[in-house]
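Examination of the molecular architecture
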Amino acid sequence: MKSNYFALLSLVICAQIQAQNVTLENLEAAFLEKNYQLIANKFNVDKIDAEIVQEKLWNNPTLSISEVNLWKTYNVEEQSHLLGRYGKNQQISVDIDQLVETAGKRKKRVAIKELEKNSALFDYEELMRELKKELRQTYFSLGKMNEEKIALDNSIELFTQLTTQYKKQADLKNVPKADFYRLQTELISVQKDRIELEKNEIEELTKLRVLTQNPNLEITEIDFSPFKEHSKSIPLNIKELAQNQNIGLKRQVNEINLAEKQLVLEKAQRVPDLTFQLGYDRGGNIMRDFVGLGVSLDLPIFNTNKGNIKSAQLSVAQQQVNHDGIVYELNSTIDGLQNQLNQLDKTLVQWKDLNTEDQLKMIENYKKHLQSKQVTMLEFIDFTQAYRESQQAYLELLETYQNTFEELNYIVGQDF
C-alpha cells in the first residue's frame, strides 16, 4: 500500500510538471500587452499631448467690418468704385485686432500642461503597478491553493482506501462500525474542503483570466514553482530607491512643480496683454482711404492679481507639507514591511527543517499502527488533521510572505 501511495503521488507531480508551461513572466507579458484598463488609461496621456499642441497656438486675430451703408447716399464727395461699378456711394470700415500675450504667459501655460502630462503618466504607471501587484498576488494565492489541493487529494486517497477497507471489515464485524463511520465522516469533511477550495480557485483563476485577457487559461498550465521561493534579497539602499521611484512621491514632487509654475503664471498675469490693431476706413473721415495702426492694453490700477498670487503661494507651501508627510509615511511603511518580511522568513526557514517526505512516512506508519490496533482511530485522525493544519499554516505563511514582498515592490516602485 505504501508503494502505491508514493507511486500515485509521483504520477501526479510528473503530470503537473509536464503540463505547467505558463510562467509568471508569461502572465505579466500578456497583462501588459492586452489588459483593457491599461489601454484605456493610456488615452489620457494622448489627450494631454493634444492639449499641449493646442496650448502652443496663438490666439486667432479678430476681423471687424462696420460702417457699411447698403443704400445710395447723395451729396457726398466723389469716390472711386470699390469693386467694378460698386462702391461709389458706399462707406466701409475694416479692422483687424491681434492679441499678443506678454511676460511669456503662453509658454508658462505650456509648461503647466507638460506637468499635467506627467501626472497622467504617473496615473498610468500607478494603475499598471497596482494591477501588476494584484496579478502577482492572485498568482501566489493560486499557488497556495494548488499545494493545498495536492495535500487534500492525498488525504482523500488515503481515507478512501481506509473507508473501503473498514467497510468490508465492519460488514464482517471484525472492527466496530463506529470506526467505519468515523472514517467516512472524515472523508466527507476532506471532500467538502476540496469542493470549497475548488470554488475559491475558480474565483482567483477568473481574476487572473481577466487581468491577462486570456479566457482559456487553466490551472494545469501554470508553473507555480516561484511560490515556494523566499529569503529574497532586499537592497540596503531601499529607502533611497523609494525616494526616486515611489509613484506617490513622484506625483507629489510633480504637484509641487505644478504649484510653482502656477505661481509664476499668476505673477505674469500682472503684466497687461497687448492688442494690436490694423484699420482701414473708406469715406469715413477727411481721408477717403485711411489705413491706421493702434494698440490697446488694460491699465493695472484696480486689479494687480494679488489674490491669485497669494493663493498660489499658499498652494506651494501646502504641497511641500504634503510631500514631507508622504516621505515620513513612506519610510515608516518600508520599515514595517521589512520587519514583517524578516519575521516571516525566519519562521519559514524553521519550517523548512520539517521534511515533508518524513511526515508522509509517519502518516503511513500511523496507518500501519492503526491497522495493527497500536493506535486508536481518533489518534490516527487527529494526527492526519494536525498534519493538514500544519501544511496549511506553512502555505499561508508562504502566501503572506509573497504578498508582503509584492507590497514592498509596489511601495518602493521597483521590482527586486
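Residues numbered from 1 in each chain as written. Predicted model: local features only at pLDDT ≥ 70, side-chain atom pairs only at ≥ 80, totals over all residues. Heavy atoms only, no water.

**Section: the confidence of the model for the chain**
Per-chain confidence: the chain averages 87 in pLDDT, with 92% of residues scoring 70 or above. Mean pLDDT across the secondary structure elements of the chain bottoms out at helix H1 (residues 2-19), with 44, and peaks at helix H7 (residues 247-268), with 95. Across residues 1-18, where pLDDT falls below 50, the model places 16 contacts with residues more than four positions away in sequence or in other chains. (pLDDT = per-residue confidence, 0-100. Helix = DSSP H or I, 4+ residues; strand = E, 2+ residues; numbered from the N terminus. Contact = heavy atoms within 4.5 Å.)

**Examining empty space enclosed by the protein**
Counting across every chain of the model gives one cavity of 30 Å³ or more. In this structure, the largest cavity is lined by Arg129, Lys132, Lys133, Arg136, Glu406, Asn409, Tyr410 and Asp415. For the lining of the largest cavity, the secondary structure elements donating two or more residues are helix H4 (105-171) and helix H10 (377-412). (1 Å grid on protein atoms, 1.4 Å probe; cavity = no way out; pocket = protein on both sides within 12 Å on 5 of 7 lines; lining within 4 Å. Points joined across faces, edges and corners; volume = space filled by probe spheres on them.)

**Some thoughts on the packing of H4 against H10**
Following both chains from N to C, one finds H4 and H10 inclined at 170°, their axes separated by 9 Å at the closest point. By the criterion of interaxial angle, the relationship of H4 to H10 is roughly antiparallel. The class makeup of the residues in the contact of H4 with H10 is 11 nonpolar, eight polar and 13 charged. (Axes fitted to C-alpha atoms, helices over the stretch in contact; angles between N-to-C directions. Parallel < 35°, antiparallel > 145°, perpendicular 65-115°, else oblique. Nonpolar A, V, L, I, M, F, W, Y, C, P; charged D, E, K, R; others polar.)

**A look at a nonpolar patch on the surface**
Residues Leu63, Ile65, Val68, Leu70, Trp71, Leu82, Leu83, Tyr86, Ile96, Leu278, Val291 and Leu293 make up a contiguous nonpolar surface patch of roughly 1300 Å² in combined accessible area. Those elements that place two or more of their residues in the nonpolar patch are strand S1 (62-66) and strand S4 (289-297). Mapped onto the elements of the fold, Ile96 is located in strand S2 (residues 92-100). Residue Ile96 is classed as partly exposed on the basis of its relative accessible area of 38%. (Patch = residues over 30% accessible without salt bridge, like charges linked within 9 Å, V, L, I, M, F, W, Y side chains within 5 Å. Areas by Shrake-Rupley, 256 points an atom, 1.4 Å probe, with all protein chains shown as cover. Salt bridge = Lys/Arg side-chain N within 4 Å of Asp/Glu carboxyl O. Buried < 20%, exposed > 50% of the residue type's maximum accessible area, 1.4 Å probe, protein only.)

**Quick word on the packing of aromatic side chains**
Evaluated as defined, the whole model comprises six aromatic pairs. With a centroid separation of 6.1 Å and 65° between ring planes, the pair formed by Phe159 and Phe380 is classed as edge-to-face. Placement of the pair is Phe159 in helix H4 and Phe380 in helix H10, with a sequence separation of 221 residues. On the basis of relative accessibility, which here comes to 0%, the residue Phe380 falls in the buried class. Both rings, one in Phe405 and one in Phe416, keep their centres 6.3 Å apart while their planes meet at 75°; by these two values the pair is edge-to-face. Pair noted here: Phe405 is in helix H10 and Phe416 is in the segment after H10, with a separation of 11 residues, a long-range link. (Phe/Tyr/Trp six-rings, centres within 6.5 Å; stacked < 30°, edge-to-face > 60°.)

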